[in-house]
Amino acid sequence: MRVLIVEDEPYLAEAIRDGLRLEAIAGDIAGDGDAALELLSINSYDIAVLDRDIPGPSGDEVAESIVASGSGMPILMLTAAHLLDDKASGFEVGADDYLTKPFDLRELVLRLRALDRRRGRNRPPVREIANLRLDPFRREVYRDGRYVALTRKQFAVLEVIMSADGGVVSAEELLERAWDENADPFTNAVRITVSTLRKRLGEPWLIVTVAGVGYRIEDPSSPAGTTVIAPPARPEEGHPD
């Protein structure tokens, strides 16, 4: 999941972003309304977390812009105002949920995941491909009924790849959806994470590399396509695919 955090208090914004990162949720920060609108015009986000009281176009104006775009992106509003009238006006401009300051990061995470489930309610809540089962709500992965312990980043990468339903996911898309805007586009983090993820999932390999394109999930019992290159049976340390 990738969220846009619109908050003009730098320390709070960074604390939210860093806390979400620990939960495998990537976040980009906009310190004012103009920056928020610019990021929304160039990036794709799953949810917007908006402080209503920000410089430039207000949080309400940013929310109205999101609604007008027709993207269907859920909006969670943050504010120090706690009166019912304040909340009512926020819902009127397009908010899907509301959280008053101060708040607990765990509650924010739970609300974001609830909004994401609602956003994707037409998708199956649990993904299963090639005897691999991923439960995004419980943050659990099983292969052939065996629990697989993954790091938060490995889980985020696997979730993106499985969401493609067998399609190819590029390294650039993985960086965009499982990391954040500060990720170095020339980093080998994706390659290393996919390599360690393969090892965690075990043999026969489920994640294959499509030469020059990206990664996909493939059922090892099915014939491999000619464009797919599977990693060697035992990849050498220091040379991840």
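Throughout, a residue's number is its position along its own chain's written sequence, starting from 1. The model is predicted, so local features are restricted to residues of pLDDT at least 70 and side-chain atom pairs to those at 80 or more, both for listing and for counting; the totals for chains, interfaces and linings are taken over all residues. Neither water nor hydrogens contribute to the side-chain values; these are computed over all heavy atoms in the structure.

1. Concerning the overall build of the protein
Our working rule: Under the scheme used here, helices are H or I runs from DSSP no shorter than 4 residues and strands are E runs no shorter than 2 residues, and both carry numbers assigned from the N terminus. Only protein chains enter the accessibility calculation, which uses a 1.4 Å probe; a residue whose area is less than 20% of its type maximum is buried, one above 50% is exposed, and one in between is partly exposed. Here, Shrake-Rupley sampling with a 1.4 Å probe gives the accessible areas, and only protein chains in the shown set may cover a residue.
Each helix and strand counted, the protein has eight helices and 12 strands in total. Across the 241 residues in the protein, those meeting the buried criterion constitute 45%. Carbon and sulfur atoms make up 50% of the accessible area of the protein, which totals about 12400 Å².

2. Remarks on the sheet that holds strand E6 (residues 127-129)
The following threshold applies: Two strands are counted as paired when DSSP detects at least two bridges linking them. For this analysis, residues touch if any pair of their heavy atoms sits within 4.5 Å. Geometry is summarised by axes, namely lines fitted to C-alpha atoms with helices restricted to the contacting stretch, and by angles between N-to-C directions that run from 0 to 180 degrees.
If you walk across this open sheet you meet the four strands as E6-E7-E8-E9, and the pairing is antiparallel. The sheet terminates laterally at E6 and strand E9 (146-147), the two strands that pair on one side only. Strand direction decides the pairing type here: E6 and strand E7 (residues 132-135), joined by three bridges, are antiparallel. Residue arginine 127 lies in a different strand from E7, and its bridge partner there is leucine 134. Taken strand by strand, helix H6 (residues 152-163) contacts E6, E7 and strand E8 (140-143), and its axis lies near 110° from that of E7.

3. Overview of helix H2 (residues 33-42)
The condition that has to hold: Note that the arc is defined by the directions from the helix axis to the C-beta atoms. Contacts described as polar in this section are N or O atom pairs within 3.5 Å, which, within protein, must combine one atom able to donate a hydrogen with one able to accept it, while residues neighboring in sequence count only if both atoms come from side chains.
What H2 keeps buried is the set Gly33, Ala36, Leu39 and Leu40. Seen from one end, H2 has its buried residues packed into an arc of 125°, which puts them on one side. In this structure, H2 carries Glu38, Ser41 and Ile42 as exposed residues pointing more than 90 degrees from its buried face. Looking at the packing, one finds that the buried side of H2 touches strand E1 (2-6), strand E2 (26-30) and helix H3 (59-69). Between the side-chain oxygen of the N-cap and the backbone nitrogen of aspartate 34 there are 3.1 Å, and the N-cap of H2 in question is aspartate 32.

4. Details of the UniProt feature "modified residue: 4-aspartylphosphate" (unreviewed entry) in the protein
Counted only if it meets this: UniProt positions are given in the numbering used here, feature names are shortened, and annotations may be inferred rather than shown by experiment.
When the UniProt feature table is mapped onto this chain numbering, "modified residue: 4-aspartylphosphate" (unreviewed entry) sits at Asp51. Counting through the fold element by element, aspartate 51 comes out in strand E3 (residues 47-51). Among the residues examined, aspartate 51 registers a relative accessible area of 4% and is labelled buried. For aspartate 51, the residues in contact, after removing those within four places along its chain, are Val6, Glu7, Asp8, Gly59, Leu78 and Lys101. Side-chain polar atoms of aspartate 51 contact the backbone nitrogen of aspartate 53, separated by 3.1 Å.

5. Quick notes on the nonpolar core
Operational definition: What is meant by a nonpolar core is a set of buried Ala, Val, Leu, Ile, Met, Phe, Trp, Tyr and Cys residues, joined one to another through side-chain atoms within 4.5 Å.
Within the largest apolar cluster, 28 residues are counted, with the highest numbers of intra-cluster contacts made by Val141, Leu158, Leu174 and Ile207. Those elements that place two or more of their residues in this core are E7, H6, helix H7 (171-178), helix H8 (189-201) and strand E11 (214-217). A total of seven residues in this core trace back to one element, the largest contributor, which is H6. Core analysis: the next-biggest nonpolar cluster, separate from the first, contains 19 residues, Leu39, Ile54, Ala63 and Met73 among them.

6. As for the confidence of the model for the protein
Reading fine detail from the predicted coordinates is not recommended where pLDDT is low. Condition: Think of pLDDT as the predictor's per-residue confidence, scored from 0 to 100.
For the protein, the mean per-residue pLDDT works out to 83, and 84% of the residues sit at or above 70. Model confidence for the protein, summarised as mean pLDDT per element, is weakest for strand E12 (residues 228-229) at 35 and strongest for E1 at 94. pLDDT under 50 marks residues 224-241. Its contacts with residues more than four places away, or in other chains, come to 34 contacts.

7. Digging into the pattern of salt bridges
Operational definition: For this analysis, a salt bridge means a side-chain nitrogen from Lys or Arg found within 4 Å of a carboxyl oxygen belonging to Asp or Glu.
Across all of its chains, the model carries 16 salt bridges by this definition. Close ionic contact of glutamate 176 with arginine 2 constitutes a salt bridge, the shortest N to O distance being 3.9 Å. One end of the pair, glutamate 176, is in helix H7; the other, arginine 2, is in strand E1, and 174 residues separate them in sequence. The exposure class assigned to glutamate 176 is partly exposed, which follows from its relative accessible area of 32%. As a salt-bridge pair, arginine 113 and glutamate 23 come within 3.3 Å of each other at their nearest N and O atoms. On the criterion of sequence distance, the pair formed by arginine 113 in helix H5 (residues 105-119) and glutamate 23 in the loop between helix H1 (10-21) and E2 is long-range, its members being 90 residues apart. Take arginine 113: its relative accessible area is 14%, and that puts it in the buried class. Overlapping salt bridges bring together Glu7, Glu9, Asp51 and Lys101 as one network.

8. Regarding H6
The cut-off we apply is this: Between the first and last residue of a helix there are one fewer steps than residues, each counted as 1.5 Å, and that sum is the expected span.
Between its first and last C-alpha atoms H6 spans 16 Å; for 12 residues at 1.5 Å apiece the expected length is 16 Å, and the two agree. With nine of 12 residues buried, H6 is to be regarded as a mostly interior element. Burial in H6 covers these residues: Gln154, Phe155, Ala156, Val157, Leu158, Glu159, Val160, Ile161 and Met162. Looking one or two residues beyond H6, the residue adopting positive phi is aspartate 165, at roughly 50°.

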